[in-house]
Amino acid sequence: MNEKLDRRNFIGTLSIAGTGLAIGIPKVTFGRITDAKPALLGGPKAHPTNFPAWPIVKKPDENALLEALRSKKWGRLNGKAVANFEDAYKNMSGAKHCLGVSSGTSALYTAMGALDIGPGDEVIIPVYTFVATYNVVVLNYGLPRFVDTDIESFQIDANQIEKAITPQTKVIMPVHIGGSPADLDTILGLGNKHNIPIVEDACQAPMAEWQGKKVGTLGLTGAISFQSSKNLTSGEGGALLTNDEKFAESCYNFHNQGRHTSDPNDLYAPTRGTNLRLTEFQGSLLLAQMERFPQQVNHRWENAAYLTSLLKEIPGIHPAKLYEGVTKSAYHLYMFRYDKREFQDMDRNKFLKALVAEGIPCSGGYGMLNKEKYVTDLAKNKHYLKVYGEKTMNDWLEQNHCPQNDQLCEEAVWFSQTMLLGSRQDMEQIAQAIQKIRKYSGDLKKV
Ligand SMILES: *Cc1c(COP(=O)(O)O)cnc(C)c1O
């Protein structure tokens, strides 16, 4: 019998014995579940209950919305809720300025607008991200330059950023994917060295920290999203954080039709603009949700640490690593890599299916953004051909190879932030489900 199988049996034995004393395996009270069959093979679910639902609605949320409704001041130009929210968020994050906007995408778009990004400009972005990061560059006819992924952390591979810098590079836009900070020391260092502003896409990372400081406040600016799935939500909504007063002003103007005052003699600022204002309903709801938010952040952080301590002991399961500078992750997602070689070559889709059957919702995460037709078609876009020419666009296509990301996209598994709001027992049941699936992966492959 090979070593791999020995190890598998050993874990199985340990689990049944329920000791977990030896070789640093955390003590978990494995019940009858580990010697039971996987749910997909007719056994009991490892996680028979539900994870917490999202969003959470309580009386203060209802009151906040009713109050905004009855005030008859529904827009920020009339009411005070958005401004109050901005003050509260500023205090919570330590940023000098906070601007509420209509979405996370709007926040990034506003940053691009305030920096006057336009045709011919290049913006460096990670390839492992939500499409909005790419969209805000393309909406301005800028050229997105993809950087490959650090497979250990799921973050932008900061060591590959410098080679993507050209004289046209106007912004470096790291994303704190999954709510965990990217390697900010390296990225901020590059920004300083090349005099390129850093726009942090912190849409998934409200309250995450790098060396004790909230992400989104370390670069020139950071964008936060309050979309339905996000850790702090008002259905839709977003915010920009910055410590730069002039930049804050430009952002305000951009999001307010290029207008900086209500004085008819001095109405317009020297910025382009549009309407990306947050409503008073959203401002009020966010203020109410913020009461619970810091405690939820800690809850996710503690459960994630516990889950990591359990999962890292399972061969073939590699939780996303946090960089040394990380003092807090927002854990919008709990991400790990699944190495099928430790699961008798059972493919990832079967693993996901088996987990879902155990009562554990999960997904395979992002696809390869650089290979999506939506993205590769940019090379044929008539405006891009006009601005950049055929050669540049063909070169762009050819440079969009991200082999590390290709591998990650095939191995990734995600859990959502709401699962981390569950109990410690929920975390233990996740680990038990995976142990069980691993033990029976040979049989699962056949169904
Ligand atoms: C959610 C998200 C956005 C966009 O935020 P919306 O509020 O949905 O517009 C941008 N970037 C990342 C990484 C996100 O996860």
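Since the model is a prediction, treat every value here as computed from it, not as a measurement. The written sequence of each chain sets the order in which its residues are numbered from 1. The predicted origin of the model limits local features to residues at a pLDDT of at least 70 and limits the giving and counting of side-chain atom pairs to 80 or more, whereas totals for whole chains, interfaces and linings rest on all residues. Side-chain calculation: all heavy atoms of the structure are included, whereas hydrogens and water are not.

> Where do I start with the site of the ligand in this structure?
Neighbouring the ligand are 15 residues, the closest being Gly104, Thr105, Asp201, Ser225 and Lys230. The definition of a polar contact used here is a pair of N or O atoms within 3.5 Å, where within protein one atom must be able to donate a hydrogen and the other to accept one, and adjacent residues in sequence count solely through side-chain atom pairs. Threonine 105 is positioned with one of its side-chain polar atoms (N or O) 2.5 Å from an oxygen atom of the ligand. A distance of 2.8 Å is found between an oxygen atom of the ligand and a side-chain nitrogen or oxygen belonging to glutamine 204. To be clear on the numbers: accessible area is Shrake-Rupley with a 1.4 Å probe, and residue cover counts the displayed protein chains and nothing else. In isolation the ligand exposes 380 Å². Once the protein is present, 93% of that is buried. Of all the elements in the fold, those that place two or more residues in the shell around the ligand are helix H4 (104-114) and helix H5 (131-138). When grouped by side-chain class, the residues that make up the shell around the ligand number 4 nonpolar, 9 polar and 2 charged. Only a single heavy atom is needed: when it lies within 4 Å of a molecule or strand, its residue is near that molecule or strand. Note on conventions: DSSP H or I runs of at least 4 residues are helices, E runs of at least 2 residues are strands, and numbering of each starts at the N terminus. Throughout, the ten residues Ala, Val, Leu, Ile, Met, Phe, Trp, Tyr, Cys and Pro are labelled nonpolar, Asp, Glu, Lys and Arg are labelled charged, and all others, Gly among them, are labelled polar.

> What exactly am I supposed to notice about the sheet that holds strand E3 (residues 143-147) here?
Sheet strands associate in pairs through backbone hydrogen bonding, adopting either a parallel or an antiparallel arrangement. Pairing between strands requires that DSSP locate at least two bridges from one strand to the other. Pairing in this open sheet of 3 strands is parallel, and the strands run E3-E2-E4 from one edge to the other. One side of each edge strand has no neighbouring strand; the edge strands of this open sheet are E3 and strand E4 (169-172). Neighbour-to-neighbour, the strand axes of the sheet open up by a mean angle of 30°, direction not taken into account. Sheet analysis places strand E2 (residues 122-126) next to E4, joined by 3 bridges and oriented parallel. Across the sheet, residue valine 123 finds its bridge partner in E4, namely valine 171. Axis angles are defined between N-to-C directions and span 0 to 180 degrees, where every axis is a line fitted to C-alpha atoms and, for a helix, only to the segment in contact.

> What's the story with the pairing of strand E1 (residues 97-101) in this structure? I'm lost.
A regular strand places its side chains on the two faces of the sheet in alternate fashion. Remark: exposure states derive from per-residue accessible area (1.4 Å probe, protein chains only) relative to the maximum for the residue type, with buried under 20%, exposed over 50%, and partly exposed in between. Of all 5 residues making up E1, 4 are buried, and the element is well covered by its neighbours. Two elements, E1 and strand E9 (residues 238-242), share 5 bridges in a ladder whose sense is antiparallel. Across the sheet, residue cysteine 98 finds its bridge partner in E9, namely leucine 241.

> In this structure, what is going on with the pairing of E2? I would like to understand it.
Counting buried positions along E2 yields 5 of 5 residues, so the element is predominantly enclosed. Both faces of E2 are covered, namely the face carrying Glu122, Ile124 and Pro126 and the face carrying Val123 and Ile125. Bridge analysis of E2 against E3 gives 5 bridges, and the strand direction is parallel. Within E3, the residue paired with isoleucine 124 across the bridge is arginine 145. A right-handed crossover is one whose linking path, passing over the helix from the first strand to the second, runs clockwise when the strands point away from the viewer. Remark: the E2/H5/E3 crossover connection has right-handed handedness.

> I would appreciate a short explanation of the packing of aromatic side chains in the present structure.
Two measures describe an aromatic ring pair: the distance that separates the ring centres and the angle between the ring planes. Stacked, edge-to-face and tilted labels apply to pairs of Phe, Tyr and Trp rings (six-membered ring for Trp) whose centres lie within 6.5 Å, assigned for plane angles under 30 degrees, over 60, and everything in between, in that order. According to the stated counting rule, one finds 21 aromatic pairs in the structure shown. With a centroid separation of 5.8 Å and an interplanar angle of 75°, the aromatic rings of tyrosine 128 and phenylalanine 154 are classed as edge-to-face. With a gap of 26 residues between them, tyrosine 128 in the loop between E2 and H5 and phenylalanine 154 in the loop between E3 and E4 connect regions that are remote in the sequence. Note on accessibility: tyrosine 128 and phenylalanine 154 belong to one class, buried. Ring pairing ties together the aromatic residues Trp301, Tyr331, Tyr334, Phe336, Tyr338, Phe343, Phe351 and Phe415, which thus form one cluster.

> I'm lost on helix H2 (residues 59-71) in this one. Help?
Structural remark: α-helix, 3.6 residues per turn; residues separated by three or four positions point the same way. By definition here, a helix of n residues has an expected span of 1.5 Å times n minus one. Between its terminal C-alpha atoms H2 stretches 18 Å, which fits the 18 Å expected from 13 residues at 1.5 Å a residue. Residue contacts are counted whenever heavy atoms from the two residues lie within 4.5 Å of one another. The inward-facing, buried residues of H2 contact helix H8 (280-290). Looking at the residues trailing H2, positive phi occurs at lysine 72, about 60°.

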